[in-house]
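The chain contents come next:
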Amino acid sequence: MPVFEFQATTEQQAIIDAPLKSLAVVACPGSGKTATAVRRVAEVRRRLEVAGSRGHIALLSFSNIAVDTFRDEYRQLRGRDGDSDNVVIQTVDSFLTTFILRPHGSRAMNCPRTPYLALGTEPFLSSFRFGDAKNPIGLDELAFDLENGKVAVHRRFKNGGAQRLDAALAKTAKQNVAALAATGAYTYGAGRIWALVLLKNEPRIAKALALRFPHILVDEAQDIGPFEGALLDGLSAAGSTISLVGDFHQSIYSFNFATGEYLRNFTSRADVLKLPLTQNRRSVESIVKAANLLAGTDSTHFRTLPARLTGTYFWRYDLKALPEFMSSWVSALDAAGYAIEEAAVLCRGSSLLAKLSNESSQIGKSAVKHFATAAIEREQSSDISKVLEHCAKGVLTIVSNLPNSFISDVKNMRGDADVKTLRRLMWPLIRTPATGIPRATLAARTSWLTELKKNLHEWLTLVEQETTFRREPTWNNRVTAAELPKKGPLIAVDIGQHDWSSLRCGPVHSAKGEGIPAVMYLTSKSDIDALVAGTGDEEGRIGFVAVTRGRDLLVVAIPSGTSDETISKLKASGFIESGPAQLAAVAAAAGAPA
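Residues numbered from 1 in each chain as written. Predicted model: local features only at pLDDT ≥ 70, side-chain atom pairs only at ≥ 80, totals over all residues. Heavy atoms only, no water.

Examining the sheet that holds strand E6 (residues 150-156)
In step 1: The strand order across the open sheet built from 3 strands is E5-E6-E7, with neighbouring strands paired in antiparallel fashion. Since the sheet does not close on itself, it has two edges, and those belong to strand E5 (142-147) and strand E7 (162-164), each with one partner. Averaged over neighbouring strand pairs, the angle between their axes works out to 35° when direction is ignored.
In step 2: As paired strands, E5 and E6 are joined by 6 bridges and run antiparallel to one another. Bridge pairing in E6 places Glu147 opposite Lys150.
In step 3: In this fold helix H8 (residues 226-238) packs onto E5 and E6, with an angle of close to 50° to the strand it touches most, E5. (Pairing = 2+ DSSP bridges. Helix = DSSP H or I, 4+ residues; strand = E, 2+ residues; numbered from the N terminus. Axes fitted to C-alpha atoms, helices over the stretch in contact; angles between N-to-C directions. Contact = heavy atoms within 4.5 Å.)

See below:
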């Protein structure tokens, strides 16, 4: 919502003008919480200036997309960046890294260097695996919970779910986490442990942070896990005023043990002012009504209907004919007046998503796996940081003697002169397919692999000329056709059908916080059953998040064998049965552009 169009509702204005105390804002989807939060922060900043305070304000969220949106909105509103205004706008991870772990974490971790994040793919991490020799547990597989103040250790599985480790394995896990920390590295989950250990061991750090940040506002607060909650409690006790904005019905990060419980408990505190945002300003009325029926909420709609076709539908699909189904979706979008760039297909899990991106989820082995993933990300995504990360993982397999912190150094523009030079050399590898990572639309096992080998050979020669690094002697053995698609390119393009390779396809979690004009939620049997069951458990909440991403047009795609009972529940929630041909006919009758 551009700044010049913003007109605060009564609810929004009440939040902006609220006293300087802890707030709990329970916000429905599409309620304009970004614009409201930014204006609340700007108002708090103004009052602190009037009072002569030099304190900073932290505006935190859990995704880079949300942070970028906050920064843009603040810049438009104030005419300058938040940093120039003593306003820090970061992800929760970045805040912990910048103000706790990097400057102070070495003392808690007992390491001789500035701590850094290990992503899990670094080769040196293999020496920290433990447990069954045939199925060892990697430190990147560990997830941590807090139970009565004590750390509980779980193993997270790639196909979803987690299992708590027994006492002996948990003890070994903690020992290995500490051993890794002594080298200067920490995993995503362990970083929160070390931050909490530091604040408990050194209360002066918490006090200093509270003095620097007298006000902290956390967006998407339903995603606060036990460690983030404990850290916020520590900062609150040290003097920071904490405010939260979130929605219980959008809590979808249980893998981080975030269940929405922290927000729920915070909202009920006597010293917290609870304020609602109940007007959905994102979606058309039919989508808002469907969301209300699914979640048992009573949000109101704001928008008037646009000229083109809108609505809330469900289509049946046959898994064996999924490519044709996607083509029919693109055709229906065109008939209804939607550009392909305005649409997205969202999935709950990776199995359906893999079928959309390729008939096989296998995209290579060793170095090829990383370079192939980089190529696909480059073609399908605008997030160049992801491409850089995958490329760095590939480089790590073909260049010898790179530092353990290489991937972290590349992502954060750190490291010595050689690392910085190598990072500079990686950019043409990413950006110039002719001399770098080839286009993902080439035949994977022939043209793409042949060009990749040739380009990497020349690139490694350049690396050896400009740095002290050398190629791995066996690097060529790591660039093979193993597990590449047997036929066709890395990204499939349907010949003779509508080209949907540029259609955005991704997990529901990747669209959190977004509003997308046309959304298809592609479901499995368990996904659709969970959706119609409501938001009582996380699977239902994931479906709710998918539904509420839609601005104008929403289609829930259900397996052709879906039961009559489930279909009845869908209809009772406001979904109209339709299909590509019917939707195109309705659009034509409504006068949508051909």
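Examining the side chain of Thr566
In step 1: Its place among the elements puts Thr566 in helix H20 (residues 564-572).
In step 2: Here Thr566 falls in the buried class, since its relative accessible area comes to 7%.
In step 3: In this view, Thr566 contacts Ile528, Asp529 and Val532; residues no more than four positions away in its chain are not counted. (Buried < 20%, exposed > 50% of the residue type's maximum accessible area, 1.4 Å probe, protein only.)

Some remarks on the pattern of salt bridges
In step 1: Per the stated rule, a full pass over the model turns up 35 salt bridges.
In step 2: The closest approach of N and O atoms between Asp552 and Arg308, which form a salt bridge, is 3.5 Å. Of the two residues, Asp552 is situated in strand E20 (residues 550-559) and Arg308 in the loop between strand E13 (300-301) and strand E14 (311-317); the sequence distance between them amounts to 244 residues.
In step 3: The exposure class of Asp552 is buried, given its relative accessible area of 4%. (Salt bridge = Lys/Arg side-chain N within 4 Å of Asp/Glu carboxyl O.)

What about the confidence of the model for the protein?
In step 1: In this model, the protein carries an average pLDDT of 92, and 96% of its residues clear a pLDDT of 70 or more.
In step 2: Scored below 50 in pLDDT, residues 493-498 shows 11 contacts in the model against residues more than four places distant or in partner chains. (pLDDT = per-residue confidence, 0-100.)

Describing the packing of helix H4 (residues 92-109) against helix H6 (residues 188-201)
In step 1: The contact between H4 and H6 brings their axes to 9 Å, and the two run at 65°. Read as a crossing pair, H4 and H6 show a hand that is left-handed. Where H4 approaches H6, its residues Val92, Asp93, Leu96, Ile100, Leu101, His104, Gly105, Arg107, Ala108 and Met109 are matched on the opposing element by Tyr188, Gly191, Arg192, Trp194, Ala195, Val197, Leu198 and Leu199.
In step 2: Of the residues assigned to the contact of H4 with H6, the class counts are 12 nonpolar, 3 polar and 3 charged. (Left-handed = near helix turned anticlockwise from the far one by under 90°. Nonpolar A, V, L, I, M, F, W, Y, C, P; charged D, E, K, R; others polar.)

Some words on the nonpolar core
As a rule of thumb, soluble globular proteins bury nonpolar side chains together.
In step 1: By size, the foremost hydrophobic cluster in this structure holds 61 residues, and its most contacted members are Leu142, Trp194 and Leu244.
In step 2: The greatest single-element share of this core, amounting to 8 residues, is contributed by H4.
In step 3: Apart from the residues within four sequence positions on either side, Trp194 is in contact with Leu101, Ala108, Met109, Val177, Ala178, Ala181 and Tyr186.
In step 4: Residues Ala372, Phe406, Leu429 and Trp475 belong to the second largest nonpolar core, which totals 42 residues. (Core = buried A, V, L, I, M, F, W, Y, C linked by side-chain atoms within 4.5 Å.)

What about helix H14 (residues 384-398)?
In step 1: Compared with the 21 Å implied by 1.5 Å per residue over 15 residues, the 21 Å span of H14 between its first and last C-alpha is a close match.
In step 2: When you tally the buried positions in H14, you get 12 out of 15 residues, the bulk of the element.
In step 3: Taken together, the buried residues of H14 touch helix H13 (367-380), strand E16 (399-400), helix H15 (406-411), helix H16 (417-431), helix H17 (444-466) and strand E17 (470-471). (Expected span 1.5 Å × (residues − 1).)

Some details on unusual backbone geometry
In step 1: Non-glycine residue Asn148 carries a positive phi angle of around 55°.
In step 2: Owing to a relative accessible area of 82%, Asn148 belongs among the exposed residues under this scheme.
In step 3: Phi angles above zero are rare outside glycine, and Phe257 is one such case at about 60°.
In step 4: The residue Phe257 is located in the loop between strand E10 (241-246) and helix H9 (261-267) in this model.

Notes on the sheet that holds strand E1 (residues 23-27)
In step 1: Strands sit in the order E3-E2-E9-E10-E1-E11 across an open sheet of 6 strands; the sheet is parallel. Looking along the sheet, the strands with just one partner apiece sit at the ends: strand E3 (87-91) and strand E11 (273-277). When strand polarity is set aside, the average angle formed by the axes of neighbouring strands in this sheet is 15°.
In step 2: In this structure, strand E2 (residues 57-61) lies alongside E3, joined through 5 bridges in parallel fashion. Along E3, the bridge assignment pairs Ser61 with Thr91.
In step 3: Across the face of the sheet, H4 comes into contact with E2 and E3 while running at roughly 115° to E3.

Some remarks on the packing of aromatic side chains
The description of an aromatic ring pair uses the distance of the two centres, along with the angle that the planes make with each other.
In step 1: The full count for this structure, using the stated rule, is 8 aromatic pairs.
In step 2: Taken together, the aromatic side chains of Trp315, Tyr317, Phe325 and Trp329 make up a single cluster linked through ring pairs.
In step 3: Arg39 extends its terminal NZ or CZ atom over the ring of Phe6, reaching a point 4.0 Å from the ring centre.
In step 4: The lysine or arginine in question, Arg281, covers the ring of Phe302, its NZ or CZ lying 4.1 Å from the ring centre. (Phe/Tyr/Trp six-rings, centres within 6.5 Å; stacked < 30°, edge-to-face > 60°. Lys NZ or Arg CZ within 6 Å of the ring centre and 35° of its normal.)

Regarding the environment of Pro403
In step 1: By secondary structure assignment, the location of Pro403 is in the loop between E16 and H15.
In step 2: By relative accessible area, which is 28% here, Pro403 ends up partly exposed.
In step 3: Put simply, Pro403 and Val419 are 16 residues apart on the chain and 8.6 Å apart in space, counted from C-alpha to C-alpha.
In step 4: The contact partners of Pro403, leaving out residues within four places of it in the chain, are Asp409, Val419 and Phe469.

Examining the pairing of E2
Walk down a regular strand and you will see the side chains alternate between the two sheet faces.
In step 1: Where burial is concerned, most of E2 is hidden: 5 out of the 5 residues are buried.
In step 2: Here E2 shows a buried face lined by Ile57, Leu59 and Ser61 and a second buried face lined by Ala58 and Leu60.
In step 3: In the classification by handedness, the crossover that spans E2, the intervening helix H3 (residues 64-78) and the parallel E3 is right-handed.
In step 4: Across 4 bridges, E2 lies against strand E9 (residues 215-218) in parallel orientation. Bridging across to E9, Leu60 finds its partner in Val218. (Right-handed = clockwise from strand over helix to strand, strands pointing away.)

Considering the environment of Leu356
In step 1: By secondary structure assignment, the location of Leu356 is in helix H12 (residues 350-357).
In step 2: Under the relative-accessibility criterion, Leu356 is labelled buried at 5%.
In step 3: Residues Leu356 and Leu273 lie 83 residues apart in sequence; the distance between their C-alpha atoms is 46 Å.

Observations regarding helix H7 (residues 203-212)
In step 1: For H7, the full list of buried residues reads Ile205, Ala206, Leu209 and Ala210. In an axial view of H7, the angular spread of the buried residues amounts to 135°, which keeps them on one side of the axis. Turned more than 90 degrees from where H7 packs its buried face, Pro203, Arg204 and Leu211 sit exposed. (Arc of directions from axis to C-beta.)

Considering the pairing of E6
In step 1: With antiparallel pairing between neighbouring strands as the criterion, E5 and E6 make up a hairpin whose turn holds 2 residues, including Asn148 at a positive phi of roughly 55°.
In step 2: For E6 and E7, the ladder comprises 3 bridges, and the chain directions are antiparallel. Its bridge partner lying in E7, Arg155 is registered against Gln163.
In step 3: Where E6 folds back onto E7 in an antiparallel hairpin, the turn is made up of 5 residues, including Gly160, whose phi is positive at roughly 105°.

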